[in-house]
Amino acid sequence: MISNILEKLKTGNITPEEYVEKTFERIKKVEEKVNAFVTLRNKEEVIKEVEEKVKSGGRLAGSLIAIKDAISTKGIRTTCSSLMLSDYVPPYDATVIEKLKKEGAVIIGKTNMDEFAMGSTTETSYFGPTRNPWDIDRTPGGSSGGSAAALAAGYVELALGSDTGGSIRAPAAFTATFGLKPSYGTVSRYGLIAYANSLEQIGPMAKNAEDLGILYSIISGEDWRDATTIKFSLEKEPYEIPVKGLRIGVLSDIMEMSDKVVKGSIENMINKFSSEGATIDYTKLGYAEYALPAYYIIAMSEASSNLARYDGVRYGFSKYNQGSWVEVYSKNRGEGFGKEVKRRILLGSFILSAGYYEQFYIRALKVRRLIKSNLDQLFSKYDVLLSPTMPILPPRLGEVINDPVKMYAMDINTVIANLSAIPALSMPAGFYNNLPIGVQMMGRYLSDSLLIGISIYMEKVTNLYDLTAPT
Amino acid sequence: MKVIVDDNLIKRLERLALIEIKDVEKEDLKKDLNEIIEFFNKIDELDLSKTEPLFHPIESGKLRNNVESPSLNREEALSNVKRKENGYIIGPSTVE
Amino acid sequence: MTKIGLEVHVHLNTLRTKLFCSCSACYVGKDPNTVTCPVCLGLPGAIPVLNEEALKKAIMVAVALNCKIAPKLLFTRKHYFYPDMAKNYQISQYDGPGSMAIAKDGIVNISGENVRIRRINIEEDPAKSVYPTGSMLNSNYTLLDYNRSGVGLLEIVTEPDITGAKEARIFMEKLRSILEHLNVCDCEMEGSMRADVNISVEGGERVEVKNVGSSKDVEDVIKYEIARQRAAITQGIKILRETRHWDNDRKVTIPIRLKESEEDYRYFPDPDLPPYEISDNYVKAIISEMPELPDNRAKRFVKQYEITEYDANVLVMEKALADFFEKSAKYYNNYKKLANLLINDYLRWLNDRNLKIADSKATPESIAKLMKMLDNEKITIKIVKQILPEIIDGKDPEEIVKERNLIAITDRSYIERIAREVIEQEKEAAKAAKNDPRVINYLIGKIMKKTSGKADPIYTREIVLQIINEL
């Protein structure tokens, strides 16, 4: 719990130096195996900053936080785990970073991710895969795998990730941690290196639901620098909400597509909800198998556009500079981007090109509307829609990476929330053979506090929180 | 429209996206793209004739005041530029 | 039938800030790359937010051109790679799914002809390219200055309703006057208004001439192109669709290499800019605060100052001139004479020396004084014309007249003496003058010369006629 650390720092029970030393020791012990960080800051600098922040105060005064390397941090290398940006140092902070700094948080480092957030296992990173602290031969999920691993390995209590199609929730589920994809428009994307703008949000990641709530309350809010943020500010930090009377709809079609052992864990969780007084009903999401292609069509289109700017001129990989811009850009981009990124850019360009725009892009947007309408209908009957976060256990390294469609299929449970802008939270539901399984709760648009509040209540029922992998 | 990913399409996409695809990459790429487009075609099964596309999850955007904020100083702005000259950023030739 | 269409790009240089970021829009004369930010530099993670003032200005122009205004503000991304493009896509507007121009279907009347306005778009400017050798063709690289990147532009496109070179010039002048009156563009600044000119003559396809600088250039381009195309057709050469460039030094159009295929811009709605509703009330509020349009101003001039329609139209062609007229009219109330002086001598003198109205140091008071001195017969009209340049330099008319002893000669006996002297010397002319009135002017001219232009012209003519009759 971050509150424990804050208390200790404030009262002097632990000095900033001790706090930071202990953290770095832990990192030193396991990081070679885990590979959670792309950039770890200099220890002395961090100690100094923690000292300053403990003095100057704030809701996170002196707390160390790990930041996904897709979020711009002024003066600290931000790579998106790509060769293309391997030496890029932003001259500005993302809005969420400004907010965190204002509350006294201290960035310890930038965490590993799938290259440009394109992937579900953190295996497409230029800096090598991150491994799951619960089982080093397996992935921690992606694309915010590094942040999740940093939590699960016991480095930090707080982290930020980003979620375009499940990139916070998948790693949370695979590492027995908590992650929230916020309602679209409640957290500023200014400074988030864009993959798919209409789908993604920066979101909090933590080891328990209270900390998740604290983080969310700090990073959320309208930003004049982001036209897609809404008039929103949390009045209070999220607080515990008992689930008695809560109407839960279990997505049986999603359940059916999940592994038997995963289903088992979720059934367990459902029983617990029921014991606590929630009403359980089995329903269907509908359109599930269409959501996935629609999601990827939209995401790849936006990606092809967002990644057009990487040409080596103003920043980034620029090994080649002789010849016309056509040659120079083609070579820099051909070499600076990894395989999956190139695939998605090419496909995105294809989808938006003349002749195919209507067939793919427009149709995908229509599917999006169908899904949203469907969800609106479901939320008239239910407060929360429940399903496994992921259909499978954490895959082994190399298991899905060479088969794109198989890899995409992992996202089937999570893309719905991105397509329809609603909030979705993953919390630990159980283990199978020491491998974490997460349960996903989706709520109405702007019901983030409700989801977090339910989670605060239920984590005490499951007793699955503040878990550190025994690496 | 049935899509076949052949060398012509790859060439066209290379030009659209300005990404050079080396010969060794081409075969794998064609295979992957074909598979993925097949996967996309799933949405053809739906009757979407009466549905409107959903472009923006947020229905209404916002505007900014016409008030100046400080710009980056030149050093910051050019801090990641590899090639510069007299304060200018050097870009490639614009003659094809 | 000759068909001409114009695509005019107008710099929104009266906006304090750029279109999508808060950098200053006053980039002229600044050191390269000193007016940039993450947004206009296209840094990873930076996203646009539209300047409200730009929307207001666009709406004002749309109203002035009698256009229909879009019910929603929507933006599209237009993709193409080029070194001056910070994001390798331009944020613009387009008629297609999810996007529309800010205004369309307008109409402007040019001396009896109706020119339809197809659309008005809001879009952003790319960076400025400078070539180290001075020419694009033999430079190995390009020097880029992003100060201009992100400055707002309005693109105003007409239907091919313009019928000739002169009409095109008048259209450009009228448009310029509207833009100045609305304070949408300071058209004095170099490059603030540029046009792509599309011309087709009977029997041929349309030819586009890009980036033409001024109204005069537009007229020259069209004259040249019409002649060139007609000549080609009579020689049996077919005019094909092509793009050309205007060489202002040699005054010819030269072909730009024909592109093999149309660029595929892969337009799609910009996901960073959700739609913004433009309500009727919003437009009404803008209309109520709009500055006076030139047409209305001219009508008011005719009514208020009782000058001719022609004079009124010439005055409002340049806002600065109309402003100066009205200011001077506060001090001098023979408005017809005032208009006459400003339109003829004043404007002509400035134009001849390539000076802008803003460069003139003449004040309304000094012009008024000058006119009053003329009315009081203190000076002659010839003297007025003579000393006008010095008044434009900022001198006071009374002082000039005093210093150089330019007071009109109204002493009839003195004039008669000089006249007789002149006629005595010009016996032949005097004889001829009896029959040919033009020779009388010659004699008057001689007298003016002898009196340094000070002799009252009316008295002089009377006296000369009298003397001639006596002969």
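Calculation criteria
- Residues numbered from 1 in each chain as written.
- Chains lettered and ligands numbered in written order.
- Predicted model: local features only at pLDDT ≥ 70, side-chain atom pairs only at ≥ 80, totals over all residues.
- Heavy atoms only, no water.
- Helix = DSSP H or I, 4+ residues; strand = E, 2+ residues; numbered from the N terminus.
- Rg over C-alpha atoms; globule rule 2.2 N^0.38 Å.
- Buried < 20%, exposed > 50% of the residue type's maximum accessible area, 1.4 Å probe, protein only.
- Contact = heavy atoms within 4.5 Å.
- Lys, Arg positive; Asp, Glu negative; His and termini not counted.
- Charge placed at Lys NZ, Arg CZ, Asp CG, Glu CD.
- UniProt positions renumbered as here; feature names shortened; annotations may be inferred.
- Salt bridge = Lys/Arg side-chain N within 4 Å of Asp/Glu carboxyl O.
- pLDDT = per-residue confidence, 0-100.
- Pairing = 2+ DSSP bridges.
- Phe/Tyr/Trp six-rings, centres within 6.5 Å; stacked < 30°, edge-to-face > 60°.
- Lys NZ or Arg CZ within 6 Å of the ring centre and 35° of its normal.
- Polar contact = N/O pair within 3.5 Å; in protein donor to acceptor, adjacent residues only side chain to side chain.
- Nonpolar A, V, L, I, M, F, W, Y, C, P; charged D, E, K, R; others polar.
- Expected span 1.5 Å × (residues − 1).
- Arc of directions from axis to C-beta.
- Buried area = accessible area lost by both parts, 1.4 Å probe.

Undergrad: How should the overall build of chain A be read in this particular structure?
TA: Along the backbone of chain A there are 16 helices and 11 strands. Relative to the 2.2 N^0.38 estimate, which gives 23 Å for 471 residues, the radius of gyration of chain A is 21 Å and therefore close to what a compact globule would have. When burial is assessed residue by residue, chain A has 71% of its 471 residues classed as buried. When contacts within chain A are restricted to residue pairs at least 6 apart in sequence, long-range pairs at least 24 apart make up 75% of them. The averaged location of the 54 negative side-chain charges in chain A is 2 Å from the averaged location of its 54 positive side-chain charges.

Undergrad: Would you mind going over the UniProt feature "domain: Asn/Gln amidotransferase" (unreviewed entry) in chain C with me for this structure?
TA: Following the UniProt record, the feature "domain: Asn/Gln amidotransferase" (unreviewed entry) maps to residues 323-468 of chain C here. Taken end to end, residues 323-468 of chain C comprises 71% helix and 0% strand; its first and last C-alpha atoms sit 47 Å apart.

Undergrad: Just checking my understanding: could you explain the pattern of salt bridges for this structure?
TA: Two side chains with opposite charge may pair up if their charged atoms get near one another. Within this structure, the stated rule accounts for 74 salt bridges over all chains. Between Arg225 of chain A and Glu98 of chain A there is a salt bridge, with the nearest N and O atoms lying 2.8 Å from each other. Here Arg225 of chain A is found in the loop between helix 7 (209-219) and strand 7 (247-251), whereas its partner Glu98 of chain A is found in helix 4 (residues 95-102), with 127 residues between them in sequence. A salt bridge links Glu222 of chain A to Lys62 of chain B, with the shortest nitrogen-to-oxygen separation between them at 3.5 Å. Of this pair, Glu222 of chain A sits in the loop between helix 7 and strand 7 while Lys62 of chain B sits in the loop between helix 2 (23-40) and strand 1 (63-64), which puts the two residues in different chains. The class of Glu222 of chain A is partly exposed, set by a relative accessible area of 34%. Overall, Lys62 of chain B belongs to the buried group, its relative accessible area being 16%.

Undergrad: Looking at this structure, how should I read the confidence of the model for chain C?
TA: Close inspection of predicted coordinates is inappropriate for parts of the model with low pLDDT. Residues at a pLDDT of 70 or more form 99% of chain C, whose mean pLDDT is 91. With pTM at 0.92, the complex prediction returns an ipTM value of 0.96.

Undergrad: Help me understand the sheet that holds strand 16 (residues 268-269) of chain C in this model?
TA: As a general point, the strands of a sheet are linked pairwise by backbone hydrogen bonds and lie either parallel or antiparallel. All names here are of chain C. Reading across from one edge, 6-5-16 is the order of the three strands in this open sheet, with antiparallel pairing throughout. The open sheet terminates on both sides in strands that have one partner only, identified here as strand 6 (89-92) and strand 16. Examined bridge by bridge, strand 5 (residues 76-79) and strand 16 share two bridges and lie antiparallel to one another. Each bridged residue has a counterpart across the sheet, and for Thr76 the counterpart in strand 16 is Pro269.

Undergrad: Explain the packing of aromatic side chains to me, please; I cannot follow it from the model alone.
TA: Each aromatic ring pair is summarised here by two numbers: the centre-to-centre distance and the angle between the ring planes. All chains considered together, the criterion is met by 35 aromatic pairs over all chains. Judged by centre distance (5.3 Å) and plane angle (25°), the rings of Tyr357 of chain A and Tyr361 of chain A are stacked. Within this pair, Tyr357 of chain A and its partner Tyr361 of chain A are both found in helix 13 (residues 357-381), separated by four residues, close to a single helical turn. You'll find Tyr357 of chain A and Tyr361 of chain A in the same group, each marked buried. Look at Tyr408 of chain A and Phe39 of chain B: their rings are 6.1 Å apart centre to centre, the planes differ by 40°, and that puts the pair in the tilted class. Taken together, the residues span two chains, with Tyr408 of chain A in helix 14 (residues 404-409) and Phe39 of chain B in helix 2. By relative accessible area, which is 0% here, Tyr408 of chain A ends up buried. Of the residues examined, Phe39 of chain B reaches a relative accessible area of 14% and is grouped as buried. Above the face of the Tyr89 of chain C ring, Lys87 of chain C is positioned so that its terminal group lies 5.3 Å from the ring centre.

Undergrad: Looking at this structure, how should I read the interface of chain B and chain C?
TA: The figure often quoted for interface size is the accessible area lost as the parts come together. Each side of the interface is counted separately: chain B has 35 residues, and chain C has 54 residues. On inspection of chain B and its partner chain C, the count reaches zero salt bridges. At the junction of chain B and chain C, the tally comes to 21 residue pairs in polar contact (both at pLDDT 80 or more). Mapped by element, the contributors of at least two residues to the side of chain B that touches chain C are helix 1 (7-17), strand 1, helix 3 (74-77) and strand 3 (88-92) of chain B. Taken together, the residues of the side of chain B that touches chain C break down into 15 nonpolar, 12 polar and eight charged.

Undergrad: Sorry if this is basic, but what is going on with the UniProt feature "active site" (unreviewed entry) in chain A here?
TA: Residues and elements named next belong to chain A. Here, the residues flagged by UniProt with the feature "active site" (unreviewed entry) are Lys68, Ser143 and Ser167. The named residues occupy 100 residues along the chain; their greatest pairwise C-alpha distance, 10.8 Å, places them in one compact cluster. Tracing the sequence through the fold places Ser143 in the loop between strand 3 (106-111) and helix 5 (145-152). Judged by relative accessible area, which is 0%, Ser143 ranks as buried.

Undergrad: Is there a simple way to explain helix 9 (residues 260-275) of chain A in this structure?
TA: Residues spaced three or four apart along an α-helix point in a common direction, a consequence of the helix completing one turn every 3.6 residues. All names here are of chain A. A rise of 1.5 Å per residue sets the reference length of helix 9, with its 16 residues, at 22 Å; its end C-alpha atoms lie 23 Å apart and thus fit the reference within 8%. Turning to helix 9, its buried residues number three or more, namely Val262, Ser265, Ile266, Met269, Ile270 and Phe273. Around the axis of helix 9, the buried residues are gathered within 145° of arc, so they sit on the same side. In helix 9, the exposed positions that point more than 90 degrees away from the buried face belong to Lys260 and Ser275. One or two positions beyond helix 9, positive phi appears at Gly277, with a value near 105°.

Undergrad: What's the story with the interface of chain A and chain B in this structure? I'm lost.
TA: Listed per partner, the contact involves 75 residues of chain A and 56 residues of chain B. Approximately 5,900 Å² of surface area, both sides summed, lies buried where chain A meets chain B, with 68% of it carried by carbon and sulfur atoms. Where chain A meets chain B, there are seven salt bridges. A salt bridge links Lys82 of chain B to Asp87 of chain A, with the nearest nitrogen and oxygen atoms 3.4 Å apart. Applying the counting criterion to the chain A and chain B interface returns 20 residue pairs in polar contact (both at pLDDT 80 or more). Broken down by secondary-structure element, the contributors of at least two residues to the side of chain A that touches chain B are helix 10 (288-306), helix 11 (325-336), helix 12 (339-352), helix 13 and helix 14 of chain A. Ranked by residues supplied to the side of chain A that touches chain B, first place goes to helix 13 of chain A with 14 residues. Here the side of chain A that touches chain B is built from residues that sort into 42 nonpolar, 15 polar and 18 charged.

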